[in-house]
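Fold and contact review
Below are the chains, spelled out letter by letter.
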Amino acid sequence: MRKRKGSADHDSSFTGTVLEDSSDLKQCHEKTDAAPEPGGPGTEMGRRYRRGGLMWRLKKLLICVLGIYIAIPVIIKVCPSIQAKLVFLNFVRVPYFIDLKRPQDQGLNHTHNFYLQPEEGINIGVWHTVPSVMWREAQEKDAEWYDESFQSSHPVILYLHGNTGTRGGDHRVQLYKVLCSLGYHVVTFDYRGWGDSDGSPSEKVMTSDALFLYQWIRQRIGQKPLYIWGHSLGTGVATNLVRRLCDRGTPPDSLILESPFTNIREEAKSHPFSMVYRYLPGFDWFFLDSIAANDIRFASDENVNHISCPVLILHAEDDTVVPFQLGKKLYDLAAQSKSLRGHKVQFIPFPSSLGYRHKFIYKSPQLPNILSDFLNAPHPHV
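As the structure is a computational prediction, the values presented were derived from the model and not from experiment.

1. Some points on the overall build of the protein
If you tally the helices and strands in the protein, you get 13 helices and eight strands. Split into buried and exposed, the 382 residues of the protein put 45% on the buried side. Put simply, 73% of the contacts in the protein that link residues at least 6 apart link residues at least 24 apart. Counting only carbon and sulfur atoms, one obtains 57% of the accessible surface of the protein, whose full area is about 20,200 Å².

Structure below.
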């Protein structure tokens, strides 16, 4: 009996030991499971690894950005034709889905679309918008009627647009509507390489195309008033054109410059796109000399010394594309020009509070009065 009891006690003791050992084993497993692996995400080594990987990725990104930053001026210097494309931006056609053969789609249902050839094999697209007072009469009329409409007493404005887009750009269309509502014929076109016009752009062909259109209009209107209106890059074309006309002794009746610059070199240096490179050593050599290599100057500051007709300059103070000070500088040069003595030279600034920026001066309710006062004539429809 004692043995049995002892045996039982022994068994009981053994069982307890086994249970205790099992508990220890379980705790051991729990500790083992909870312990992080060396280099795991929860360890200091893992955190250092993650930080190191992030830093390496940031370094690679920085190296890529720096490489692109350095490569761009080098590529432009080696291939200066790229810089010409950046000046003209004729490949940027905004809005994209516009049929230039249908100006009525833009609300210009008294506008005729046609094509002219400044030289053999080159067609340029042209719009002729008649004054609003002729709107009803213009419906369903053919090219001959529009051609004969130039015989009316209404004066004509030849509009020279800037870079990017086409003659159907929205801000341009809105200006046509304002001008034709004031009683003007408006003739505008796309230079070679823009819109649906053939050829490739250059300062020389842009100016020659403008001269061709001017002469084409003059043949149809005789001695009636013909004004030239240039906007942005078109102001450089306009001063080139007017200088040629004045050198020939046949100046236009007036020149209107909206958001003009002094010359393309100063404009390129002031343009927002050049901001990241403006203070780069060799900026002039890389970028500005590349523009000159393409024979692009648009030197309005020189042209005003050869112009002999009234000049009106319109510029918004909040213009970020062509800085206001360039328009003001051009006016100061024009006001001192010997060739412009005896001619009206006027500068109209538009305060920043109006928000007209680079291309919304057409919104000004004062524009009709500004034009009437400058041209010394009431608007033709009045």
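2. What about a nonpolar patch on the surface?
A cluster of nonpolar side chains, L54, M55, L58, L61 and V65, forms an exposed patch at the surface whose accessible area comes to about 470 Å². Take L54: its relative accessible area is 44%, and that puts it in the partly exposed class.

3. Points about the side chain of D209
Structurally, D209 is set in helix α7 (residues 203-221). Judged by relative accessible area, which is 0%, D209 ranks as buried. Ignoring any residue separated from it by four or fewer positions in sequence, one finds D209 in contact with P118, I124, F189, Y191 and R192.

4. Examining the confidence of the model for the protein
Mean pLDDT for the protein: 88, with 85% of residues reaching 70 or above. Within the model, the stretch residues 1-22 combines pLDDT values under 50 with one contact to residues more than four positions away or in other chains.

5. Some remarks on unusual backbone geometry
Glycine aside, residues mostly have negative phi, and peptide bonds are mostly found in the trans state. Of note, the amide linkage connecting V94 to P95 takes the cis form, showing an omega dihedral of -5 degrees. Among the structural elements, P95 can be located in the loop between α3 (81-88) and β1 (111-119). Notably, S232 is not glycine yet its phi reads approximately 55 degrees, a positive angle. For S232, a relative accessible area of 7% corresponds to the buried category.

6. Focus on helix α6 (residues 170-181)
Taking 1.5 Å of rise per residue, 12 residues should cover 16 Å, and α6 covers 17 Å from first to last C-alpha, within 8% of that figure. All of the buried residues along α6 are H171, R172, V173, L175, Y176, V178, L179 and C180. Looking at the buried residues of α6, the elements they touch are β2 (122-129), β3 (156-160), β4 (185-189), β5 (226-231), β6 (254-258) and α13 (367-375). G183 sits one or two positions beyond α6 and adopts a positive phi of about 105 degrees.

7. Description of the UniProt feature "transmembrane region" (unreviewed entry) in the protein
Annotation from UniProt places "transmembrane region" (unreviewed entry) at residues 58-76. What you have in residues 58-76 is 100% helix and 0% strand, and the ends, taken at the C-alpha atoms, are 27 Å apart.

8. Quick look at the pattern of salt bridges
Under the definition given, this model contains 12 salt bridges. D253 is the salt-bridge partner of R218, the closest N and O atoms lying 3.5 Å from each other. You can see R218 sitting in helix α7 and its partner D253 sitting in the loop between α8 (233-247) and β6, a full 35 residues away along the chain. Residue classification places D253 among the partly exposed residues on the basis of a relative accessible area of 33%. Salt-bridge contacts for R297 lead to E302; the nearest nitrogen and oxygen are separated by 2.8 Å. Judged by its relative accessible area of 42%, R297 is partly exposed. Judged by relative accessible area, E302 falls into the partly exposed class, the value being 36%. Several salt bridges converge on common partners, so that one network encompasses E119, R192 and D209.

9. Some details on the sheet that holds strand β7 (residues 311-316)
Pairing is mixed in the open sheet, where eight strands are placed in the order β1-β2-β4-β3-β5-β6-β7-β8. The sheet is open, and its two borders are formed by β1 and β8 (345-350), each paired with just one other strand. Strand-to-strand twist in this sheet, taken as the mean axis angle between neighbours without regard to direction, amounts to 20 degrees. Pairing analysis gives four bridges linking β3 to β4, with the strands arranged parallel. Of the residues in β4, the one forming a bridge with Y159 is T188. α13 rests against β5, β6, β7 and β8 of the sheet, and its axis sits at about 160 degrees to β7.

10. Some thoughts on the pairing of β3
Of all the five residues making up β3, five are buried; the element is thus mostly covered by neighbouring parts of the structure. Judged from the five bridges that link them, β3 and β5 form a sheet pairing that is parallel. Residue pairing in the sheet places I157 in a bridge with Y227 of β5.

11. Considering the pairing of β6
Summarising burial for β6: five of the five residues are buried, a large majority. Burial along β6 is two-sided: the face carrying S254, I256 and E258 and the face carrying L255 and L257 are both buried. Here five bridges tie β5 to β6, and the two strands are oriented parallel to one another. Bridge pairing links G230 to L257 in β6.

12. Thoughts on the environment of E119
Within the element layout of this structure, E119 appears in strand β1. Between the C-alpha atoms of E119 and F212, which are 93 residues apart in sequence, the distance is 9.4 Å.

13. A word on the packing of aromatic side chains
In total, this model carries 16 aromatic pairs according to the counting rule given. Each ring, one from F88 and one from W194, has its centre 5.8 Å from the other, and the planes form 75 degrees; the classification is edge-to-face. Within this pair, whereas F88 is found in helix α3, its partner W194 is found in the loop between β4 and α7, the two being separated by 106 residues in sequence. With respect to class, F88 is no different from W194; both count as buried.

Conventions we followed
Residues numbered from 1 in each chain as written. Predicted model: local features only at pLDDT ≥ 70, side-chain atom pairs only at ≥ 80, totals over all residues. Heavy atoms only, no water. Helix = DSSP H or I, 4+ residues; strand = E, 2+ residues; numbered from the N terminus. Buried < 20%, exposed > 50% of the residue type's maximum accessible area, 1.4 Å probe, protein only. Contact = heavy atoms within 4.5 Å. Areas by Shrake-Rupley, 256 points an atom, 1.4 Å probe, with all protein chains shown as cover. Patch = residues over 30% accessible without salt bridge, like charges linked within 9 Å, V, L, I, M, F, W, Y side chains within 5 Å. Salt bridge = Lys/Arg side-chain N within 4 Å of Asp/Glu carboxyl O. pLDDT = per-residue confidence, 0-100. Expected span 1.5 Å × (residues − 1). UniProt positions renumbered as here; feature names shortened; annotations may be inferred. Pairing = 2+ DSSP bridges. Axes fitted to C-alpha atoms, helices over the stretch in contact; angles between N-to-C directions. Phe/Tyr/Trp six-rings, centres within 6.5 Å; stacked < 30°, edge-to-face > 60°.

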